[in-house]
Structures are given as structure tokens and as C-alpha cells.
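One letter stands for each residue in the lines below.
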Amino acid sequence: MLRSSPLKDRTIALGVTGGIACYKALELLRLLTAQGAQVHVLMTEHAQRFVTPLSFETLSYHPVLTDMFAPAAEKTMKHIWLAEQAEMLVVAPATANILGKFAHGIADDLLSTFFITTRAPVLVAPAMNPAMYQHPRVQENIAKLRQQGVEIIEPEYGRLAGPGEGEGKGRLAAPERILARIEDRFCPKDWQGITVLVTAGPTREALDAVRFLSNPSSGKMGYAIAQAAQRRGARVVLISGPTHLSPPPAVECIRVTTAREMYDAVMAHLAESDVVIKAAAVSDFRPQTTAPHKLKKEEMTPTLLLERNPDILAEVGQRKGNKILVGFAAETEAFMANAWKKMERKNLDLVVVNDVGNRTIGFGSDENQVQILYRDRRQEELPRLPKSVLADLLLDRILPLLSHPSREGACPQIS
Ligand code: PMT
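Peer 1: Kindly report on the site of the ligand, identifying the contributing residues and their values.
Peer 2: Close contacts around the ligand come from 28 residues, with Ser217, Ser218, Lys342, Asn354 and Gly364 the closest. Taking Lys278, its main chain carries an N or O atom lying 2.7 Å from an oxygen atom of the ligand. Contacts to the ligand include Lys387, whose side-chain N or O atom sits 2.7 Å from an oxygen atom. Within the residue set of the shell around the ligand, elements represented by two or more residues are helix H10 (220-231), helix H12 (312-319), strand E16 (324-331) and helix H13 (335-346). At four residues, the largest contribution of residues to the shell around the ligand is made by E16. Looking at the shell around the ligand residue by residue, the classes come out as 13 nonpolar, eight polar and seven charged.

Peer 1: So what's going on with the packing of helix H5 (residues 96-104) against helix H6 (residues 110-117)? Which residues, and what values?
Peer 2: In helix packing, the relevant descriptors are the interaxial angle and the interaxial distance, both defined with respect to the helix axes. The geometry of H5 relative to H6 is characterised by a closest axis approach of 10 Å and an angle of 35° between their N-to-C directions. Once H5 is placed against H6, the crossing between them reads as right-handed. The residues of H6 that touch H5, namely those facing Ile98, Lys101 and Phe102, are Leu111, Ser112 and Phe115. Of the residues contributing to the contact of H5 with H6, the split by class is four nonpolar, one polar and one charged.

Peer 1: Summarise the sheet that holds strand E17 (residues 350-355); cite the residues concerned and give the values.
Peer 2: Strands sit in the order E12-E11-E8-E13-E16-E17-E19-E20 across an open sheet of eight strands; the sheet is mixed. In this open sheet, the two strands that pair with only one neighbour each are strand E12 (252-255) and strand E20 (379-381). Going across the sheet, the axis of each strand differs from the next one's by a mean of 15°, ignoring polarity. Running over the sheet, helix H11 (residues 259-270) touches strand E8 (195-200), strand E11 (235-240), E12 and strand E13 (275-278) and is turned about 175° from E8. Contacting E13, E16, E17, strand E19 (370-374) and E20, helix H14 (residues 387-398) runs over the sheet at an angle of about 10° to E19.

Peer 1: I'd like a rundown of the pattern of salt bridges, residues and numbers included.
Peer 2: Scanning all chains against the criterion turns up 29 salt bridges. Of the charged contacts, one joins Asp349 and Lys320 as a salt bridge, the two residues approaching to 3.0 Å between their closest N and O atoms. Linking Asp349 in the loop between H13 and E17 with Lys320 in the loop between H12 and E16, this pair joins segments that are 29 residues apart in sequence. The pair Asp349 / Lys320 is uniform in exposure class, with both members buried. Here Glu380 makes a salt bridge to Arg397, at a shortest N to O gap of 2.9 Å. On the criterion of sequence distance, the pair formed by Glu380 in strand E20 and Arg397 in helix H14 is long-range, its members being 17 residues apart. Pair check on accessibility: Glu380 and Arg397 agree, each one buried. Connected via shared salt-bridge partners are Asp190, Arg232, Asp392 and Asp396.

Peer 1: So what about the pairing of E13? Which residues, and what values?
Peer 2: The alternating pattern of E13 places Val275 and Ile277 on one face and Val276 and Lys278 on the opposite face, and all of these are buried. Taken together, the four bridges between E8 and E13 define a ladder with parallel strand orientation. Looking at E13, one finds that Val196 is bridged to Val275.

Peer 1: An account of the side chain of Lys346 is requested, with residue identities and associated values reported.
Peer 2: As for its placement among the helices and strands, Lys346 is situated in helix H13. The class for Lys346 is buried, based on a relative accessible area of 12%. For Lys346, the residues in contact, after removing those within four places along its chain, are Asp311, Leu313, Ala314, Gly317 and Leu325.

Peer 1: Residue-level account of the packing of aromatic side chains, with values.
Peer 2: Scanning all chains against the criterion turns up one aromatic pair. Both rings, one in Phe102 and one in Phe115, keep their centres 3.9 Å apart while their planes meet at 10°; by these two values the pair is stacked. Here the residue Phe102 occupies a position in helix H5, and Phe115 occupies one in helix H6, the gap between them amounting to 13 residues. Residue Phe102 is classed as buried on the basis of its relative accessible area of 2%. In this arrangement the basic side chain of Arg377 is found over the ring face of Trp340, its NZ or CZ atom lying 4.0 Å from the centre. Against the face of Tyr374 rests Arg378, its NZ or CZ located 4.0 Å from the ring centre.

Procedures and definitions
Residues numbered from 1 in each chain as written. Predicted model: local features only at pLDDT ≥ 70, side-chain atom pairs only at ≥ 80, totals over all residues. Heavy atoms only, no water. Near = heavy atom within 4 Å. Polar contact = N/O pair within 3.5 Å; in protein donor to acceptor, adjacent residues only side chain to side chain. Helix = DSSP H or I, 4+ residues; strand = E, 2+ residues; numbered from the N terminus. Nonpolar A, V, L, I, M, F, W, Y, C, P; charged D, E, K, R; others polar. Axes fitted to C-alpha atoms, helices over the stretch in contact; angles between N-to-C directions. Left-handed = near helix turned anticlockwise from the far one by under 90°. Contact = heavy atoms within 4.5 Å. Pairing = 2+ DSSP bridges. Salt bridge = Lys/Arg side-chain N within 4 Å of Asp/Glu carboxyl O. Buried < 20%, exposed > 50% of the residue type's maximum accessible area, 1.4 Å probe, protein only. Phe/Tyr/Trp six-rings, centres within 6.5 Å; stacked < 30°, edge-to-face > 60°. Lys NZ or Arg CZ within 6 Å of the ring centre and 35° of its normal.

Here you go:
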């Protein structure tokens, strides 16, 4: 059974105000509708000078609301209907002007009136010139809105659109970041009260000051699991080998390099964890010696002497008690036989098997295709899916294995 996006059939009001970042609101709209959300756009007069309502109408499949005093009675009704039905108001980009109106309850146009009418939670993504953004009045207004329970997604630092504008903090947050925050709101909080330890990425085993043994793990699989668990209310400790990824917000991330460092970090956090998910690709061996300098050709021999690294998962399996322990099996042949052996040898509750010989899934890709093995000998084949979707499916499979008292009474933020 595959789960659908938490945004499917959600009614979202998207407020667009006048700024050069308006074009990014189109991308946000596209992302939201791709998740199955019903998005109704409200544009201010200034926004319509940057992008036409027709663009938003085409992408949202709904008429765009622009004018409080539109003559058609149905339009007036639509405002009221939307204020009642919207499950969230997202304003992106939000100008200094609209922040000021929202903060002070000024309702002199469609969007500012909508803001004080709707009871839906509000997410505001400011975008403006950095000097304006830093202005004390704008900062006061943002602080006031936060106090009132409005969620603010900070603008990003970077090059600004206008000629000679230079760099600074004021660019609209990336549409993917805004989407992630909206999804957070609608995610069920069914992992509340559960502490999850996730490992991700490769380990590196140094041969000398510049060379190491490693593998192509990007960390994407483990980070997706960490993010999904955090969104669903879990406390997440992410132990990550070297990756280029930024840890998901609100996840405690411990960076390690070697298998032994990963071992120490896992053991240090084991007692507090209810679930351990080991998506990391840990080097089984390390060079017997590590030179502190870059080895010269003359100093090296064609034979590399290795020694075994600790098997972290097997050790956790020995100490696991009633924790749920999930291992990954990265295989290139005899998938099932090897994976079942791993389940027994490492005392696992679940094994996620993936074909790392296939370059389009597994290592480094955005998608993966896995089989899940259960202790009761069941096995489940999942289709090829984005790692983010797979992460949620995996959490769905793990949840029933837990009998955690604090899960009782945990309720979604928005149902
Ligand atoms: O990071 P990505 O680019 O997104 O790629 C994802 C992935 C392919 C790395 C991931 O899906 C995956 O398969 N992770 C496990 C990789 C691996 O090391 O598999 P393994 O079959 O060699 O090890 C089995 C299990 O034992 C794994 O859970 C591993 O974390 C663990 N292990 C292995 C060796 C060791 N010394 N200690 C361990 O804990």
C-alpha cells in the first residue's frame, strides 16, 4: 500500500505580492499542484504588474482572486468560501508593505482582508531588498507576526535581481524549501515521542593525509529518512559520514568520517533511541596504517594491508533489547539470500534490500527501488520511488513494530 502526499486535496490559499520574486511563486504553485493540493491564488495589484493572473490561473486550474470589489457576485462568494475553506494561507513573496499591513491589522485590499478573515495557519515568505529587510520597522513587524503565531520562512542570502543590487539577505526562500515547510504542517505526527537514530552517507578510511577508501554513498537515503521521521514528530539523531547535504532542520546531526567514529557516535546515542535505521554505507575495512603525510610513490607497495572495522549494526543487534533495528543490504548479486543472512546474523527487525549494481538507483540517485524483509519471513517489493517517498513508506512499515506508550494520544497538528 503506497501512501499519498500529505498535500493531496488540501485547500491552500497562495497570496502573491509585488516583487521580482513573483515568478518563483509560479514554481511554488507548480510544486504544490504536483502534490495534489488545490491551490487558490490571491494576487495584489502590484503582483499583477510582475506576472499576469493568467499564468497562475493556468497552473492552478482555478480563477485567480485579484479584486475585493469585483462585480461578479460569484467572485465575492469565492473570497468568503476560500477564507472558510483554506487549510493554510501561504504568502510568497511577501513584501515589506504586506508584512506591515498584516502586523498592524490593516485590511485595505483583498489579501490583507483575507489575512484577518481566515482562521487558517499562515506561512509568510518575505522577499525584498536587503536594506529594506534589515530595516528596524520590517524586523519589528516580522517579530510581531511571529508572536501572533504566523510562521516566517526567512529569505536567503545571495545575488539580488535588480541591476547593481549586489548581494545580501532578501531573496525569496527556494520554492522547494517553502514546499517542505508546508508539507511539515500537514504531515501526521504519528512518530511523536519516538527517538530515531539514523546513519547516513559513506565512511572514509584514510591511507595517508590525502587518500582514503570509501564508496559512492551520497547520504540521500539516510537524510530522507531523518527528514521524514522529524516531520512526523520524532526526535531524530542523524549520524552522517562525509556528504554535501545539509542536515534537515531540527535534526541533531553528528558528523563523522571513519567507521570507528560512526561506531562511537552510534554507541553514545544508542540508549536513548527507540529505533535505529542504518542506511550508512560503512567501510568494512580500513588500511592497517595511516601515514600523516602524503605518501610518495617510492614509499608505497602495490599491496594494501587492511584490517576490519567494527560491524556497528551487528554490535547494536547484540545490545538491542526491545529497540527496533533496521538494516540496509547493499547487494549486487544473490540479493535475497544475502539479505536474509544479514537479518539473522545482525539480529534485525527489518532489512531494506537495494541493488547497488544498478547505477540509476541506490548510490547517489534521487530514487531507489527496494525489497523489505520482515522477521516473520514476509517480503515486500516496492516500486521505484523518490527516496523521500520511500522514507515515509519505510516509517509506515516500522511504526506498527513499535509499542511505544507515548504514541498513544499523539495527534496530527492538522488533520
Ligand atoms: O547514500 P545514498 O547515495 O542515498 O545511497 C543509499 C545506499 C545505497 C547507501 C543505501 O540505500 C544502503 O544500501 N545502505 C547500506 C549500505 C551498506 O553498507 O550495506 P551492507 O550490505 O554492506 O551493510 C549491511 C548493513 O550493515 C547496513 O545497514 C550497514 O549500515 C551496516 N554496516 C555495515 C558494515 C559495518 N562495518 N557496519 C555496519 O553497521
